[in-house]
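# A look at the structure
These are the residues of each chain, in order.
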Amino acid sequence: MPIVYLPTDRTESVPRFAIVGNYPDQAASRFVKHVALLQSDEQLRFGAADVRVWHMGPPLVVGERSSAAAGGGSTCIAHLIGAVDLDRFDIEGIVTWLADVEKENRPSGIRGFIQQYTIDPPVCWHTAEDGTRLYRRFNCVGFVLDCYRSIDINLVDDTSKDNLPEVSLETIESAYGRSVTTETIRGRMGISGEGPWRIVLAGYVFHSLSRANSEIRDSPHIPKSDGERDFPIAQIPSDKSA
Amino acid sequence: MPAQLTHSRFGKSSKRQGARSGSAVSSGIERALRYYFRENFDEGQLNVLIETIAEAQRESNTFRYGYATVEVDEVKRGKLAIDIYTPLGEIERFEAVPSRVSDVQSGQLDEFSIQPPLIEPRQSSPTSLSTSVLWSTVRDSTTSASQRADALRMLFETEQESAVGYVADQICREDLSEEWQSALVFFAEDSHFPFHLRQEICDRLLAIALSMRESTKVGSEKVVWSALRRAASLIPREHANKLLPFLLSKSPVDTRSVALKCVERVFEAAPPAKPEECAEISSRVQTFAFKFLDPDIFAGGENALIAQNAVCAMAALGDERLSDAFACVNSLNRRWLRRQIRFRLVALLESWTGRDPECSARQPFKNIQENLPLLD
């Protein structure tokens with residue numbers, strides 16, 4: 001099983017390009033707020049801070065150049081780890097995907113944040129007048145999903161909206177902050193109207209990773225309810241806090 | 001007292017400074033505050049205001065980067081409203097009211113009470129800013145490029161057509177500062193231009209990319225890649241050879257992988273009408289494909305990206321050696337590479353037939369369709 005339960009009292013080896021997730025409040029919440037890719041092999045414990053990741057923060061940080069543009073670092077707290085059994089070629093594919101996406105990095109600052117960020121769909125192309133694709137827009141989940149899809153691992157099946165549970169404004173606010181209570185912001189991010197919306201949540205990624213490696217490679221996960229915004233859904237012992 | 005406006009960038013400070021020993025807000029906002037309010041507040045009041053903003057900045061999760069407007073309330077003299085544009089475009093309003101408080105050691109101090117970010121977020125439209133002020137900022141070549149760009153971004157929200165027209169007009173000029181020109185390149189990617197302007201903008205973007213690819217300045221590569229992408233989306237198919245300089249030799253900014261992808265993008269709407277017109281660029285693309293698919297050269301990252309983009313460009317150009325390239329791909333035995341190329345070429349075929357069902361009879365379409373099964 002690719003899920004690595006990080007202990008609080010010692011570190012655990014986590015491989016490069018494992019998927020890192022975190023909670024807004026490690027003591028009180030199992031709502032998965034953010035997902036990212038681990039930059040390099042690390043020794044991590046539950047709640048490890050300043051873990052170096054590639055991600056759509058915002059801003060998008062996918063390599064040394066974008067890292068420098070974002071102020072020299074791209075880190076997040078690690079509460080959850082999903083480490084699919086990647087082989088050498090998978091790693092090579094991810095490195096190549098990152099090199100590709102880094103070419104599309106936008107200027108840092110608010111202009112870049114807004115232009116390259118999307119809530120729904122989680123990944124999409126910004127296009128020219130005739131539909132020619134220019135650069136990709138992501139949210140943190142779309143970034144991770146698209147990366148793994150590039151090596152033929154589809155973690156979540158969002159090809160049909162029917163595959164995704166309805167999500168309330170309250171849940172979206174938990175994920176994206178108070179700004180999404182403003183309709184103009186929601187419209188800009190692809191979730192117009194009053195909702196509920198069928199969108200991909202970060203928790204779905206970890207429910208997908210909570211399966212056997214072979215199953216993950218063979219079939220994408222279809223979330224069963226919006227309760228999968230939390231991972232795990234049931235409370236687990238506090239000494240194995242993830 | 002007339003309403004005064006300014007907008008400046010806030011940067012989060014990593015260290016907390018003493019309450020009255022200095023400011024943790026960025027020097028830009030501090031300078032702006034001191035300049036705009038020099039006649040309204042004395043030095044002590046300004047110090048307190050700046051420190052209080054810094055405190056609010058430290059306590060807010062979303063106040064990390066942003067752009068602020070500072071308004072002086074015309075009715076309640078001395079009351080300030082400070083709008084912070086957060087990363088998602090939300091506006092958080094901080095209101096500051098100066099009041100006099102007493103301190104046993106220092107005597108009477110001026111202090112601002114700062115309200116927390118508003119309870120109900122306001123609509124994110126810069127209506128509180130006069131568009132004339134924004135235009136003044138955008139047109140003021142003595143203002144920093146980042147401030148001009150911020151103002152232009154706001155105008156994209158409210159006066160998009162005029163803002164796009166301004167970008168088109170500006171980007172075609174050759175007397176711009178490098179910073180402002182770079183900002184305009186990114187705006188060009190976010191603008192849809194009227195048909196009659198596209199050719200001139202395309203040529204100008206190519207010229208900018210060509211000139212800036214010789215730059216060793218950090219960050220110039222992003223501008224070059226953006227200019228190249230946007231130019232490629234405007235290049236008529238019969239002029240695809242205009243991308244050739246970006247494939248010919250190495251430069252401080254490596255344009256190879258982006259230019260190869262741009263070749264594919266030039267033909268995203270339709271295959272080449274006469275593939276023989278693209279012979280020169282086809283030959284160069286082919287060279288890249290076979291060189292970088294060589295097992296001794298192929299490696300994850302930039303080299304693999306060049307290989308992948310070159311194969312897709314060959315397909316878009318209708319290159320008859322596509323089957324040979326696919327054989328090389330297969331011999332590398334990378335499932336992810338086969339998957340990526342197949343995925344992109346299927347999308348290309350769909351793009352072609354989606355716009356013109358008749359194009360399935362053309363050579364480039366048939367070339368891809370007949371050879372795709374070889375990748376399985």
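Bear in mind the structure is a predicted one, so any value in this text is a computation, not a measurement. Along each chain, numbering runs from 1 in the same order as the chain's sequence is written. Each chain takes a letter, starting from A, and each ligand takes a number, starting from 1, following the order in which they are written. Local features in this predicted model are restricted to residues of pLDDT 70 or higher, and side-chain atom pairs are both shown and tallied only at a pLDDT of 80 or more, whereas totals for entire chains, interfaces and linings draw on every residue.

### Let's talk about the packing of helix α10 (residues 256–266) of chain B against helix α12 (residues 302–317) of chain B
Residues and elements named next belong to chain B. For clarity, the threshold we go by: To get an axis, a line is fitted to the C-alpha atoms, and for a helix only the part in contact is used. The angle between two axes follows their N-to-C directions and goes from 0 to 180 degrees. Strands here are runs of E lasting at least two residues and helices are runs of H or I lasting at least four, both read from the DSSP assignment and numbered beginning at the N terminus. Small angles under 35 degrees read as roughly parallel and large ones over 145 as roughly antiparallel, with 65 to 115 read as roughly perpendicular and the rest as oblique. Handedness of a crossing follows from how the near helix is turned relative to the far one, being left-handed for an anticlockwise turn of less than a right angle and right-handed for a clockwise one. C-beta atoms are placed from the backbone for every residue, and two residues are taken to be in contact when these atoms lie within 7 Å. Here the nonpolar group is Ala, Val, Leu, Ile, Met, Phe, Trp, Tyr, Cys and Pro; Asp, Glu, Lys and Arg are the charged ones; every other residue, Gly included, is treated as polar.
With their axes 8 Å apart at the nearest point, α10 and α12 run at an angle of 20° to one another. Of the possible angle classes, the one that applies to α10 and α12 is roughly parallel. In this structure, the crossing between α10 and α12 has a hand that is left-handed. Contacts between α10 and α12 involve Arg256, Ser257, Leu260, Lys261, Val263 and Glu264 from the first element and Glu302, Leu305, Ile306, Asn309, Ala310, Cys312, Ala313, Ala316 and Leu317 from the second. For the contact of α10 with α12, the per-class residue count stands at nine nonpolar, two polar and four charged.

### Brief notes about the pairing of strand β11 (residues 133–138) of chain A
All names here are of chain A. Test applied: By the convention used here, strands pair only if DSSP detects at least 2 bridges between them.
Here strand β10 (residues 123–127) pairs with β11 via five bridges, running antiparallel. Bridging from a neighbouring strand, Cys124 pairs with Arg137 of β11. Where β10 folds back onto β11 in an antiparallel hairpin, the turn is made up of five residues, including Gly131, whose phi is positive at roughly 90°.

### Looking at the nonpolar core
To be explicit about the condition: Here a nonpolar core is just a set of buried residues of the types Ala, Val, Leu, Ile, Met, Phe, Trp, Tyr and Cys, joined wherever their C-beta atoms sit within 7 Å. In this scheme every C-beta is placed from the backbone, and a residue whose C-beta has 20 or more other C-beta atoms within 10 Å is buried, one with 12 or fewer is exposed, and one in between is partly exposed.
Ranked by size, the top nonpolar core spans 149 residues in total, and within it A:Val205, B:Leu228, B:Val263 and B:Ala310 carry the most contacts. Beyond its immediate chain neighbours, meaning those up to four positions away, B:Ala310 contacts B:Leu260, B:Val285, B:Phe288, B:Ala289 and B:Phe292.

### Comments concerning α12(B)
Residue and element names in this part refer to chain B. The criterion, for reference: Multiplying 1.5 Å by the residue count of a helix minus one yields the expected span of that helix.
Between its first and last C-alpha atoms α12 spans 22 Å; for 16 residues at 1.5 Å apiece the expected length is 22 Å, and the two agree. Taking burial as the measure, the 16 residues of α12 include 14 buried ones, the bulk of the element. Within two residues after α12, Gly318 carries a phi angle of roughly 75°, on the positive side.

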